[in-house]
Each structure stands twice: as C-alpha cells, then as structure tokens.
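Listed below, chain by chain, are the residues.
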Amino acid sequence: MENKEQKEMPLGKQNLIFIAVGFALIVIGFALMLGKSSGVEYNPDIYSFERVTLGSMTAFVGFIAIIGAILWKPKKEKNNIQ
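The structure contained in this document is the topic of the report that follows.

What counts and what doesn't
- Residues numbered from 1 in each chain as written.
- Predicted model: local features only at pLDDT ≥ 70, side-chain atom pairs only at ≥ 80, totals over all residues.
- Heavy atoms only, no water.
- Helix = DSSP H or I, 4+ residues; strand = E, 2+ residues; numbered from the N terminus.
- Buried < 20%, exposed > 50% of the residue type's maximum accessible area, 1.4 Å probe, protein only.
- Contact = heavy atoms within 4.5 Å.
- Areas by Shrake-Rupley, 256 points an atom, 1.4 Å probe, with all protein chains shown as cover.
- Axes fitted to C-alpha atoms, helices over the stretch in contact; angles between N-to-C directions.
- Parallel < 35°, antiparallel > 145°, perpendicular 65-115°, else oblique.
- Left-handed = near helix turned anticlockwise from the far one by under 90°.
- Nonpolar A, V, L, I, M, F, W, Y, C, P; charged D, E, K, R; others polar.
- Phe/Tyr/Trp six-rings, centres within 6.5 Å; stacked < 30°, edge-to-face > 60°.
- Patch = residues over 30% accessible without salt bridge, like charges linked within 9 Å, V, L, I, M, F, W, Y side chains within 5 Å.
- Salt bridge = Lys/Arg side-chain N within 4 Å of Asp/Glu carboxyl O.
- Polar contact = N/O pair within 3.5 Å; in protein donor to acceptor, adjacent residues only side chain to side chain.

1. Describing the overall build of the protein
- Summing up its helical and strand segments, the protein has two helices and zero strands in all.
- Within the span of the protein, comprising 82 residues, buried residues form 16% of the whole.
- A sequence separation of at least 24 residues applies to 70% of the contacts in the protein between residues at least 6 apart.
- Summed over all atoms, the accessible surface of the protein reaches about 7700 Å², with 64% contributed by carbon and sulfur.

2. Considering the packing of helix H1 (residues 13–34) against helix H2 (residues 49–71)
- The contact between H1 and H2 brings their axes to 7 Å, and the two run at 165°. When the axis of H1 is compared with that of H2, the two are roughly antiparallel. As for the relative orientation of H1 and H2, their crossing is left-handed in sense.
- Class assignment of the residues belonging to the contact of H1 with H2 gives a composition of 18 nonpolar, seven polar and two charged.

3. A few points about the side chain of Thr58
- Secondary-structure assignment places Thr58 in helix H2.
- Its relative accessible area of 14% is what places Thr58 among the buried residues.
- Residues in contact with Thr58, not counting those within four places in the same chain, are Leu25, Ile28, Gly29 and Leu32.

4. Some words on the packing of aromatic side chains
- Summed over all chains, the structure comprises one aromatic pair.
- Seen from their ring centres, Phe18 and Trp72 are 5.8 Å apart, and the 65° between their planes marks the pair as edge-to-face. With a gap of 54 residues between them, Phe18 in helix H1 and Trp72 in the segment after H2 connect regions that are remote in the sequence.
- Overall, Phe18 belongs to the partly exposed group, its relative accessible area being 41%.

5. Remarks on a nonpolar patch on the surface
- On the surface, a nonpolar cluster with roughly 720 Å² of combined accessible area is contributed by Met57, Phe60, Val61, Ile64, Ile67, Ile70 and Leu71.
- Among the structural elements, Phe60 can be located in helix H2.

6. Considering the environment of Asn15
- Turning to its location among the elements, Asn15 is positioned in helix H1.
- Residues in contact with Asn15, not counting those within four places in the same chain, are Ala69, Trp72 and Pro74.
- A distance of 2.5 Å separates the side chain of Asn15 from the backbone oxygen of Ala69, its partner in a polar contact.

In structure tokens:
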C-alpha cells in the first residue's frame with residue numbers, strides 16, 4: 001500500500017531561510033551592542049549611536065523577521081492532478 005498523503009514540514013524552505021536571516025540579524029545586533037572594550041574604568045563610548053541605537057534596532061528587526069517568518073504561509077500551487 002502506498003501512502004498517498006505526504007507529510008509536509010510545518011515550515012517551508014523559505015520560512016527557514018527567513019528565520020536564519022533573522023537569527024543572523026539578532027547576532028549582528030548583539031555584537032554591535034557589545035562593542036570593543038576600552039580597558040578604562042568608565043568609557044563614555046558606551047552611549048554611542050552604534051551601541052545604543054543601531055545595535056538595538058538591528059536585533060529588533062531580527063526578532064520581527066523571525067516572528068514574520070514563522071507566521072508567513074506561502075501560497076500553494078494548485079495541482080490539477082486527479
């Protein structure tokens with residue numbers, strides 16, 4: 001007996017690619033927030049644009065991309081095979 005129903009993964013290939021891109025954006029955002037160490041006890045560079053704004057927004061966009069990739073459902077092609 002053949003199993004006519006093929007089990008499909010809940011997320012398609014495109015979804016997994018979007019999740020990987022979102023994860024990469026999160027890692028880049030956290031790396032931007034980390035910055036480089038200065039060796040000084042107090043460094044005013046911790047309030048720089050790169051650490052506070054750019055890193056945070058990059059990580060946020062990564063989280064939004066992952067949420068969108070999980071919720072996005074690609075359109076299925078109609079098969080006329082009967």
